[in-house]
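Notes for the structure review
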Amino acid sequence: MQPLSPEPRRRPGPQQFPGPGRFQGRRFAGPPTSFIVITVAVIQIVGTLFSAGHQAAPRPLDAFAVLLLLAGPAGLAFRKREPRAMLPVALLATGAYLALGYAWGPIVLSLALAIIMTAAAGLRWQAWTGAGIAAAAVIAVAFLAGDESWPVRASAGVAWAAILVLIGQGIRRRSERFAEYRRRRLDAQKAERDEYRLTLARDIHDVVAHSLSMINVQASVALHVGADDPEKLRPALEAIKAASKESLTEVRQLLGVLREDIPLAPAARPTLARIPELVKNAEVGGLVVALDDNSEPRLVGPAQQEAAYRIVQEALTNVGRHSGARSAVVRLAQAAGALTVTIGDDGGGMGGALPGNGLTGMRERVAALGGSLTLIELHPGLRIEASLPLQTEGTRP
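Structural notes, computed from the coordinates. (Residues numbered from 1 in each chain as written. Predicted model: local features only at pLDDT ≥ 70, side-chain atom pairs only at ≥ 80, totals over all residues. Heavy atoms only, no water.)

Quick look at the pattern of salt bridges now. What the rule picks out here adds up to nine salt bridges. Three or more residues joined by partner-sharing salt bridges are found here, namely E180, R183, R184 and D187. (Salt bridge = Lys/Arg side-chain N within 4 Å of Asp/Glu carboxyl O.)

This is the structure we're talking about:
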C-alpha cells in the first residue's frame, strides 16, 4: 500500500466550470411574461379607474373600455411565442380606447412596453413603424386640439416614441453581447476539457504502453534464457519488477487525478537524469543502445525535461516492439536556446505504416512547448529529431 504524502503533487485538472445547462439557467432573461401581463393589466385598470374620478371624460367607463384596457396587456402575452403580434394588438387597443373618448389614464403603458419588447426581439422595422404611427397620432391630436403649444407636445411625443425603440434596441444588443460572451466561454471550457483529456490520454499511453511493452520484452528474454543460463533470469526479472512497480505507482496517480478523492503519493517526475534508466531497460531486452548526453539539466525547464524523457521512452519502446533493430543511438544536445533530442536505429523504419498514438503524443508534447518533431527514414532505420525551445527562469510561466 502506498504511504500517504503530507503534500501530494496533483496533476492540475480543468477548472470546474458549470455545464452549459446550468450556466444558461442563471441567465437573467427578464421577468416572466405572466408577471408582466398581470402587472400591466392591474396598473391600467386601477390607474384608469382612479384618474376617471378626477376628470370629465366625454364617455364614461363601461365594459368595452375595460376590455380595451385588458387587450393591450393581453397582447404582451405573445412576447415569446409570436412577438410580431404584440405591437399591432397594443396599437389597436390604445387607439380605439382614445378614439372613443374614454378617460385618460395609463392606457399607453402597454403600447410603450410593446414597442420596447418588439425592438428587443429584433423586429427593428416593425418597432420603428409602430413608434412612427404612435408619434403621428400624437401630432395629429395635438394639432386638432388647437393648443398653441401643440408643437412642444408633438415633439415630446415623437421623442418618447424614438426613445422607446432605442431602449429596446439597447436591450437587444446587450442580449447579443451576452450570448456571444456565453458562446466564447463555453468554447473555452470545451477546449480546456479537450486539452485535459488529451493530456491524460498521452500520460496513460506513455505509462501503460511503455511499461507493458517492457514487461513483455523482459518476460520473453527470461523465457528464452531461462533454460540455458539461469543466471540471466535475475536482470530480466528485476527489470520486470521495477517496470511494473513504477507503472503501478503512476497509474495510481492518474486514477487519483480522475477520482479526485484520495491524495496518493506522487510518482517520480520524469527528468533527463532518468533517461539512462530507459537505456538500461532497453539493453536488458537485447537492444544495444548508445547514449550521448551533452545536455545541462539545470538549464532545462521541468516541462522540457519531461517531454524529452517521454520522447526517448516512446521511441525506444517502438524500436523494441516494431522495428526489429539491433542497435539504437540516443543523443541529447543543447544549442541555440533549444534542447535537441535525437533517437536513431538500424531497424525497418516506418515501413509505410501510419503514425500511431505514440508518435501523435510526441508531436502534441513538442507542439505544446513550441518545438518541432521530424521523422527521417535512414534505409535502414529511422531517426526521430525533436527540438524543444528552452525557457529561462524569467520567462518560464
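Past the structure itself, the notes keep going.
With that settled, consider the side chain of Q44. Mapped onto the elements of the fold, Q44 is located in helix α2 (residues 33-52). On the basis of relative accessibility, which here comes to 0%, the residue Q44 falls in the buried class. Among residues more than four places away in sequence, those in contact with Q44 are L69, P73, P106, I107, L109 and S110. (Helix = DSSP H or I, 4+ residues; strand = E, 2+ residues; numbered from the N terminus. Buried < 20%, exposed > 50% of the residue type's maximum accessible area, 1.4 Å probe, protein only. Contact = heavy atoms within 4.5 Å.)

Turning our attention to the packing of α2 against helix α3 (residues 63-75). Running from N to C, α2 and α3 cross one another at 150 degrees; their axes reach a closest spacing of 8 Å. What the angle tells us is that α2 and α3 run roughly antiparallel. Once α2 is placed against α3, the crossing between them reads as right-handed. Note on element contacts: α3 touches α2 through V66, L69, L70 and P73, opposite V37, V40, A41, Q44, I45 and T48. Residue composition of the contact of α2 with α3, by class: eight nonpolar, two polar and no charged. (Axes fitted to C-alpha atoms, helices over the stretch in contact; angles between N-to-C directions. Parallel < 35°, antiparallel > 145°, perpendicular 65-115°, else oblique. Left-handed = near helix turned anticlockwise from the far one by under 90°. Nonpolar A, V, L, I, M, F, W, Y, C, P; charged D, E, K, R; others polar.)

Once that is clear, we can look at the sheet that holds strand β2 (residues 327-335). Taken in spatial order, the five strands of this open sheet run β1-β2-β3-β5-β4, and their pairing is mixed. Pairing within the sheet leaves two strands with one partner each, and these edge strands are β1 (288-294) and β4 (372-377). Adjacent strand axes in the sheet meet at a mean angle of 10 degrees when their direction is disregarded. Here strand β3 (residues 338-345) pairs with strand β5 (residues 382-389) via eight bridges, running antiparallel. Its bridge partner being in β5, D345 is matched across the sheet by L382. In the packing of helix α9 (residues 275-284) onto the sheet, contacts are made with β1 and β2, and the angle to β1 comes to roughly 170 degrees. This element, helix α11 (residues 357-368), spans β4 and β5 of the sheet and lies at about 140 degrees to β4. (Pairing = 2+ DSSP bridges.)

Core analysis: the largest hydrophobic core is formed by 31 residues, its most contacted members being V289, V312, L316, V341 and I343. Those elements giving two or more residues to this core turn out to be α9, α10 (302-323), β2, β3, α11 and β5. At eight residues, the largest contribution of residues to this core is made by α10. Those residues in contact with V312, other than ones at most four positions away along the chain, are I275, L278, V330, V341 and I343. (Core = buried A, V, L, I, M, F, W, Y, C linked by side-chain atoms within 4.5 Å.)

Attention now goes to the packing of helix α4 (residues 86-99) against helix α6 (residues 124-144). Contact pair α4 / α6: the axes reach a minimum separation of 10 Å and the direction vectors enclose 10 degrees. On the basis of their axis angle, the class for α4 and α6 is roughly parallel. Note on element contacts: α6 touches α4 through Q126, A127, G130 and I133, opposite L87, P88 and L91. Its residues assigned to classes, the contact of α4 with α6 shows five nonpolar, two polar and no charged.

On the surface, a cluster of nonpolar side chains totalling about 400 Å² of accessible area is made up of W160, I163, I167 and I171. For I167, a relative accessible area of 38% gives the class partly exposed. (Patch = residues over 30% accessible without salt bridge, like charges linked within 9 Å, V, L, I, M, F, W, Y side chains within 5 Å. Areas by Shrake-Rupley, 256 points an atom, 1.4 Å probe, with all protein chains shown as cover.)

The analysis is restricted to geometry; functional conclusions fall outside its scope.
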